[in-house]
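Below, each chain spelled out in residue letters.
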Amino acid sequence: LLFGNKNSKQIPAKIYEYMGAQGIIFTIYGDENDPIKSIVNDHKKCINSLNNKDEIKKSLIKLLNMKDFKTLPDENYEWDEITKRLNKILR
């Protein structure tokens, strides 16, 4: 479960750890302009919801109807890949 940030331009750092782990990420956006959308929207590991009861209920039902809650880690967020990208930036 990941809560977005309302009225913020910051992406919660824990999303990068979640993406590199097994399992589904259930994200509740802080607001319509939550910057986390750029990472989780339409990603196979993520079930996303606006922050209102009808949307949360619809997303929870979708989550509960899934056959398998396990997903492979997104290789783009594993530490080896992050380290490679950081090395490129620092060079």
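Here the structure is shown first, and the text comes after it.
Residues numbered from 1 in each chain as written. Predicted model: local features only at pLDDT ≥ 70, side-chain atom pairs only at ≥ 80, totals over all residues. Heavy atoms only, no water.

Can you break down the side chain of Lys45 residue by residue, with the values?
Topologically, Lys45 is positioned in the loop between helix 2 (37-40) and strand 3 (46-49). Here Lys45 occupies a buried position and makes no salt bridge, while the nearest side chain of opposite charge, Asp74, is found at 7.6 Å. A polar contact is formed between the side chain of Lys45 and the backbone oxygen of Ala21, at a distance of 2.6 Å. Reaching out from Lys45, the side chain makes a polar contact with the backbone oxygen of Gly23 at a distance of 2.8 Å. (Helix = DSSP H or I, 4+ residues; strand = E, 2+ residues; numbered from the N terminus. Buried < 20%, exposed > 50% of the residue type's maximum accessible area, 1.4 Å probe, protein only. Lys, Arg positive; Asp, Glu negative; His and termini not counted. Salt bridge = Lys/Arg side-chain N within 4 Å of Asp/Glu carboxyl O. Polar contact = N/O pair within 3.5 Å; in protein donor to acceptor, adjacent residues only side chain to side chain.)

Which residues make up a nonpolar patch on the surface, and what values go with them?
Residues Leu86, Ile89 and Leu90 make up a contiguous nonpolar surface patch of about 350 Å² in total accessible area. Secondary-structure assignment places Leu86 in helix 4 (residues 79-90). (Patch = residues over 30% accessible without salt bridge, like charges linked within 9 Å, V, L, I, M, F, W, Y side chains within 5 Å. Areas by Shrake-Rupley, 256 points an atom, 1.4 Å probe, with all protein chains shown as cover.)

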